Amino acid sequence: MSVHLHWFLPTGGDGRTLVDRHAYTDGGVKRSRIAPVSGVRAPDIEYLAQIAKAAEQLGFEAVLTPTGTWCEDAWLTTVALAQHTERLKFLVAFRPGVISPVLAAQMAATYQRITRGRLLLNVVTGGDSTEQRRFGDHLDHDRRYARTDEFLSVVRGVWSGQPFDFDGEHYQVEGGLTALPPDPLPEIFFGGSSAAAGPVAARHTDVYLTWGEPPEQVKQKIDWIRGLAEREGRTVRFGIRLHTISRDSSAEAWAAANRLLDDLSPETVAAAQEALGRSESVGQQRMLALHGGSRDDLEISPNLWAGVGLVRGGAGTALVGSHGDVADRIEEYHALGVEHFVLSGYPHLEEAYWFGEGVIPDLAARGLLPRLPASPLTRPAVGGAPLLVAGGR
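All values reported here derive from a predicted model rather than from experimental measurement.

Draft legend 1. Spotlight on the nonpolar core. With 74 residues, the main nonpolar core has Leu-5, Phe-90, Tyr-333, Phe-341, Phe-355 and Leu-363 as its most contacted residues. The greatest single-element share of this core, amounting to eight residues, is contributed by helix 1 (residues 45-58). With near-sequence residues (within four places) excluded, Tyr-333 lies in contact with Glu-213, Pro-214, Pro-215, Val-218, Ile-240, Leu-242, Leu-304, Leu-319, Val-338 and Phe-341. Formed by 21 residues, the second largest nonpolar core is a distinct cluster that contains Leu-260, Leu-261, Leu-298 and Leu-310.

Encoded structure:
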């Protein structure tokens, strides 16, 4: 089982801080390049294309694109970025409650043809009722998962290429059809830590995603979902969502992590924790429990740092250390059964290079990745002599 590496597209903006200032500097609408906060980067197509091209060049398989109020639409943004890349896949996050499942199936089929098979789907059921209501969704937490169950049944049904009928609580479809089904079928990624989420993952998903909890907790989730899937006669693969801070030495990496906390006042952390504490997401509550809102003892497991979760929702942990340290942790999760690693860092362009140039070669050397092709600059020239690069003199 090889490791699949994916990066992240910050379609809400990027910068050198953990605080989402990029989403609010201009109301999240104008996306001006001239921002009042130093280092804030607007999520325009030029900057996102830089990240996408870097991810492709460095050897990442795909990039995750989020969904929500404060980011650009994932479908439109990524299909535009597909024109700037050649092989990179796009893990498109979307909310099943705000779109018809038959239309979603059709969109996926069109996307596959336009991009020549580069779509992956990340199903986001939603753990925040306030956010859901912005999109006209008024179901409670467990009913949202029941609707996702039906939604994915319809999507897979209409991908068969034959008229599909469905009569459920949330969807009634007569003769649903995708005239030209996607080829290949997009893999479906899905996350959820609640009792309502587990059976949905077992019945429908190809890859179950967890946020970056300590290895023993991740193993418990894997065993849980694997057991549910076996009862459904299915096999589910597993992935993990983490940030990374990888440097040439461990000391440099931890210094970079600590710098991310430098501008976080106690008031900023307290306000973020209060807001995050209202989330209905069981996964979010598990993230908060890792640090309890305190800056003390943020290394909750070797090289696993919970500092991100002090002020950010969602994935709240980062792998921090030397390139070898980070590779060790990835190998540890891989041994538990984790195959897909969806990674990110601040800023996303620079951290992609730190990871890609430092950790990816190490993982390849361990046999966890296919061997990377040699760079043209390091291949022997005719006659066996190395090709020298000018030193800038």
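Draft legend 2. View of the pairing of strand 13 (residues 338-344). Burial runs high along strand 13: seven of the seven residues are buried. Sheet topology places strand 1 (residues 4-8) next to strand 13; three bridges connect them, and they run parallel. Among the inter-strand pairings, His-6 is bridged to a residue of strand 13, identified as Val-342. When strand 9 (residues 237-247) meets strand 13, the two strands line up parallel, connected through six bridges. Its bridge partner being in strand 13, His-243 is matched across the sheet by Ser-344.

Draft legend 3. Broad picture of the side chain of His-334. Assignment of secondary structure puts His-334 in helix 11 (residues 323-336). For His-334, the contacting residues outside a window of four places in its chain are Met-1, Ser-2, Val-3, Phe-341 and Leu-368.

Draft legend 4. Up close: the packing of helix 1 against helix 2 (residues 74-81). Two numbers describe how helix 1 lies on helix 2: the axes approach to 10 Å, and their chain directions differ by 65 degrees. In this view, helix 1 runs roughly perpendicular relative to helix 2, as classed from their interaxial angle. Handedness of the crossing formed by helix 1 with helix 2: right-handed. Contacts between helix 1 and helix 2 involve Ile-45, Leu-48 and Ala-49 from the first element and Thr-77, Ala-80 and Leu-81 from the second. Residues of the contact of helix 1 with helix 2, tallied by class, amount to five nonpolar, one polar and no charged.

Draft legend 5. Representation of the packing of aromatic side chains within the structure. In this structure the tally under the stated criterion is nine aromatic pairs. Considering the side-chain rings of Tyr-145 and Phe-190, the 6.1 Å spacing of their centres and the 80 degrees angle between planes classify their relative orientation as edge-to-face. Of this pair, Tyr-145 sits in helix 5 (residues 141-158) while Phe-190 sits in strand 7 (residues 188-191), placing them 45 residues apart in sequence. Relative accessible area serves as the criterion here: at 0%, Phe-190 is assigned to the buried category. Ring geometry for Tyr-208 versus Phe-238: centroids 6.3 Å apart, planes at 75 degrees, classification edge-to-face. Highlighted residues: Tyr-208 in strand 8 (residues 207-211) and Phe-238 in strand 9, separated in sequence by 30 residues.

Definitions and limits used
- Along each chain, the written sequence defines residue order, and numbers are assigned to residues from 1.
- The predicted origin of the model limits local features to residues at a pLDDT of at least 70 and limits the giving and counting of side-chain atom pairs to 80 or more, whereas totals for whole chains, interfaces and linings rest on all residues.
- For the side-chain quantities, the full set of heavy atoms in the structure was used; hydrogens and water were omitted.
- Buried Ala, Val, Leu, Ile, Met, Phe, Trp, Tyr and Cys residues form a nonpolar core when they are joined through side-chain atoms within 4.5 Å.
- Relative accessibility decides the category of a residue: with a 1.4 Å probe and only protein chains considered, values under 20% of the type maximum give buried, values over 50% give exposed, and everything between is partly exposed.
- Only DSSP runs of H or I with at least four residues qualify as helices, and only runs of E with at least two residues qualify as strands; both kinds are numbered from the N terminus onward.
- Note on contacts: a residue pair is in contact if any heavy atoms of the two residues lie within 4.5 Å.
- Strand pairing is defined by DSSP finding a minimum of two bridges between the two strands.
- To obtain an axis, a line is fitted to C-alpha atoms, over the contacting stretch when the element is a helix, and the angle between two such axes runs from 0 to 180 degrees between their N-to-C directions.
- Should an angle fall under 35 degrees it is called roughly parallel, over 145 degrees roughly antiparallel, and 65 to 115 degrees roughly perpendicular, with every other angle called oblique.
- Working rule for handedness: look at the near helix, and if it is turned counterclockwise from the far one by less than a right angle, call the crossing left-handed; if clockwise, right-handed.
- Ten residues, namely Ala, Val, Leu, Ile, Met, Phe, Trp, Tyr, Cys and Pro, are considered nonpolar, four, namely Asp, Glu, Lys and Arg, are considered charged, and the remaining ones, Gly among them, are considered polar.
- To pair, rings of Phe, Tyr and Trp, with the six-membered ring standing in for Trp, must have centres within 6.5 Å; the planes then decide the type, stacked if under 30 degrees apart, edge-to-face if over 60, and tilted in the middle.

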